[in-house]
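# Structural features, examined
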2 protein chains.
Amino acid sequence: MQTKYNKVKQEIKTRILDGTYVPNQKINSENELMKEFGVSRHTIRVAVGELVNEGWLYREQGAGTFCADRKTNEKKPKTNKKNIAIITTFISDYIFPSIIRGAESYLSERGYNVSIYSTNNNIDSEKRVLESILSQDVDGVIVEPTKSAFTNPNINYYFNLERMNIPYIMINAFYEELEPLCLVMDDEKGGYAQTEHLIELGHKNIVGFFQTDDTQGVKRMKGYIKAHRKHQVPINPNYIISFFSEEKKTKPHEELEKLLSASADVPTAIVCYNDELAVSLLDITRNRKLNIPKDISIVGYDDSFLAEATEVKLTTVKHPKMEMGEEAARMIVNLVEENHSPSRKASPKYENVLYEPKLVIRQSTRKIEDK
Amino acid sequence: MQTKYNKVKQEIKTRILDGTYVPNQKINSENELMKEFGVSRHTIRVAVGELVNEGWLYREQGAGTFCADRKTNEKKPKTNKKNIAIITTFISDYIFPSIIRGAESYLSERGYNVSIYSTNNNIDSEKRVLESILSQDVDGVIVEPTKSAFTNPNINYYFNLERMNIPYIMINAFYEELEPLCLVMDDEKGGYAQTEHLIELGHKNIVGFFQTDDTQGVKRMKGYIKAHRKHQVPINPNYIISFFSEEKKTKPHEELEKLLSASADVPTAIVCYNDELAVSLLDITRNRKLNIPKDISIVGYDDSFLAEATEVKLTTVKHPKMEMGEEAARMIVNLVEENHSPSRKASPKYENVLYEPKLVIRQSTRKIEDK
DNA sequence: TCCGATTTGTTCGTATGTATG
DNA sequence: GCATACATACGAACAAATCGG
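Let us look at the structure shown here. Just so it is clear, the structure is predicted and the values come from calculations on it, not from any experiment. (Residues numbered from 1 in each chain as written. Chains lettered and ligands numbered in written order. Predicted model: local features only at pLDDT ≥ 70, side-chain atom pairs only at ≥ 80, totals over all residues. Heavy atoms only, no water.)

## Structural notes on helix α1 (residues 4-17) of chain A
Residue and element names in this part refer to chain A. Taking 1.5 Å per residue, 14 residues should reach 20 Å; α1 reaches 20 Å between its end C-alpha atoms and fits that length. Buried residues of α1: Asn6, Val8, Lys9, Ile12, Arg15 and Ile16, and no others. Buried-residue contacts for α1 involve α2 (30-37), α3 (41-53), β1 (57-60) and β2 (64-67). After α1 finishes, the residue Gly19 shows a positive phi value of roughly 90°. (Helix = DSSP H or I, 4+ residues; strand = E, 2+ residues; numbered from the N terminus. Expected span 1.5 Å × (residues − 1). Buried < 20%, exposed > 50% of the residue type's maximum accessible area, 1.4 Å probe, protein only. Contact = heavy atoms within 4.5 Å.)

Laid out in structure tokens, this is it:
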């Protein structure tokens, strides 16, 4: 206890304990302490450094050294390793792995830990996942909302995240009620682009298949309708097929079969909710010996590797999978770090990111044959 | 991470984690480290100081600095939540998401936390990931080995896992040197099945494409050769094409183009390392107006959704993706819980799981046409 | 038991970089 | 743009503890 730095340390600690320095108050600068104790700056730094390590103080470059608030610090975990949770709907979907990949590479490079949870687009699972996250020490959450088109009964869990000061951002879709920070595509414009492309190629009988338990599908459908209105193409109500994720392997196929068997008004083009659906509908057209794009044009969505896997390279809408994952990671890291620096300055407003859909034209669409 | 002291710190930490410094061993003196890193003593002291603070090292004046023994230090019954880390090669591959999904659903139901890491089949990334895992409190690890066909320079990290009593199991492949618990397919038998099927259909000129930086590929190639021997079909050495993961998008395609352009001995069948490759090679046969399976038969591996995405439904080998993930999860949970229960009964020997490959015959293979 | 070499601990001085207000 | 405050880095000196001979 005879060393100079130890004396300085003791004195500063005393000031914290006797209330001279109250929580979050700026203490004397290193320069002032130097003069006050008549020691070198290095000595001050050693003393302050130990106090910082022990959790009594915190430093901010350019601003000063501050007295820590030890009350809230009580549950302090030992490692400073941060955890980010990613909540997905389907891990094995083709677009989510890419999103995760983008996020994981950014996060792990910065020493973050990535935990994943999947809800299977099921509300109960989402609840379980959110409870689990709330009871651990997660520092930030990236979430793709489950059944985003519906009112979410788990909304309180998200409010709880806010109350616990855990930042979260939503990707692909978001719950309207929450108005959260989010990164989404302009799905309406995407659906519009899909449809307009077909209309411009002369198609008038365009079936649209949309998964409407997620907002993505609802918005794409809106875009589909809008494109028809804009170009004054009448919409046949039978041509709008909506389905839920549970039905995605059956309903669209049955409906398409029906439409293709119809005696009149047979569709000449198909707008699909995504590439996965487009590719699986191709089986039906193949069975019927229909040539794509000669007999029927088809447009996918997401520009996944499925779009190029088949003999018919799909015209589709580009989804910024990896970029979205990385951008989400970047954003959550900023939020977490700003959150962790105890200076509560006016937080810079982060902005939602809206990705512009871009139509990728390949060989699955073509000008309609004149009769 | 750009600062000098941080580099020094990182390097020292690496030496602790990779076993260069074992617990209680004296590490290099400050003087030696100065020379070694070409930095001042101050810098060394800052780096070592932080590691001491984090519990990796301890110093003794006059004696030296020593590697701390962390496993005895493991007296933290803080959270009852357990963490499982899954290390993958490529998150966005088509089989890994399914494996993760299987594991995630089992683990999260049992209150486990799932963290994922991806190495991109790159040794340096694997090292980074393992260091990160060793620095946290992970309770169990499921790992798909990186570059499993080669001697792994990160092997010491796995020994360190053992020393720290963290169970790990390997899936899809394993490092021979470690003899770990593992869940793998019988890839040799799989390659054998692919090839034998073609031979039985009368094919004699069978090209094989194998990714040989992972054991899976090496073993499948073995099976390919074995099938030829068994049926006394001579092997044309030019017909065995091996490639590394970095080349997977180019080399096989170039080689196939060459073979198909040859004047004589044109192959009549193709054995592929996996469905992804098979599907992408289909582009080449399509461009050459070759009919599958009339002109060429092709066999994939994994029975992924790609196998059914194209116009040619692939004959392929079934990979128990989800089951493997779930089984791995079940196994690691057992190991972790047995580990944590204080009763140290003779641990029941867990057994490796060897999945039998099953050929799924679809439309991409057919009996060779007689001339 | 003491010595001297080694190793960590403390302290000072100085310089430059970078973030903040 | 500028002053202030902390961050990183180099060099030097002496103190205190350890250890082998």
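## Points about the sheet that holds strand β8 (residues 206-211) of chain A
Residue and element names in this part refer to chain A. Spatial ordering of the open sheet is given by β9-β8-β10-β11, a layout of 4 strands whose pairing is parallel. Edge positions in the sheet fall to β9 (240-243) and β11 (297-299), since each of these pairs with one other strand and no more. Strand-to-strand twist in this sheet, taken as the mean axis angle between neighbours without regard to direction, amounts to 15°. As paired elements, β8 and strand β10 (residues 269-271) share 3 bridges and run parallel to each other. Across the sheet, the residue bridging to Val207 is Ile270, located in β10. Against the sheet, helix α9 (residues 251-261) makes contact with β8, β9 and β10, and its axis sits at roughly 160° relative to β9, the strand it touches most. (Pairing = 2+ DSSP bridges. Axes fitted to C-alpha atoms, helices over the stretch in contact; angles between N-to-C directions.)

## Here we look at the packing of aromatic side chains
For the coordinates displayed, the defined rule picks out 13 aromatic pairs over all chains. An angle of 70° between the planes, with centres 5.5 Å apart, marks the rings of Phe150(B) and Phe244(B) as edge-to-face. Of this pair, Phe150(B) sits in the loop between β5 (140-143) and α6 (155-163) while Phe244(B) is found in the loop between β9 (240-243) and α9 (251-261), placing the two residues 94 residues apart along the sequence. On the numbers, 6.4 Å between centres and 90° between planes, the contact of Phe243(B) with Tyr273(B) is edge-to-face. On the criterion of sequence distance, the pair formed by Phe243(B) in strand β9 and Tyr273(B) in the loop between β10 (269-271) and α10 (275-287) is long-range, its members being 30 residues apart. We classify Phe243(B) as buried; its relative accessible area is 1%. With a relative accessible area of 8%, Tyr273(B) lands in the buried category. An aromatic cluster of three or more residues is present, and its members are Tyr158(A), Tyr168(A) and Tyr175(A). One residue, Arg110(B), lies across the ring of Tyr106(B), its end atom 3.6 Å from the ring centre. The cationic tip of Arg220(B) hangs over the ring face of Tyr301(B); the distance from NZ or CZ to the ring centre is 3.5 Å. (Phe/Tyr/Trp six-rings, centres within 6.5 Å; stacked < 30°, edge-to-face > 60°. Lys NZ or Arg CZ within 6 Å of the ring centre and 35° of its normal.)

## Thoughts on the packing of helix α1 (residues 4-17) of chain B against helix α2 (residues 30-37) of chain B
All names here are of chain B. One way to put it is that α1 packs onto α2 with a least axis distance of 12 Å and a crossing angle of 115°. The orientation of α1 relative to α2 falls into the category roughly perpendicular. Note that α1 runs across α2; the crossing there is right-handed. Note on element contacts: α2 touches α1 through Leu33, Glu36 and Phe37, opposite Val8, Glu11, Ile12 and Arg15. By residue class, the composition of the contact of α1 with α2 is 4 nonpolar, no polar and 3 charged. (Parallel < 35°, antiparallel > 145°, perpendicular 65-115°, else oblique. Left-handed = near helix turned anticlockwise from the far one by under 90°. Nonpolar A, V, L, I, M, F, W, Y, C, P; charged D, E, K, R; others polar.)

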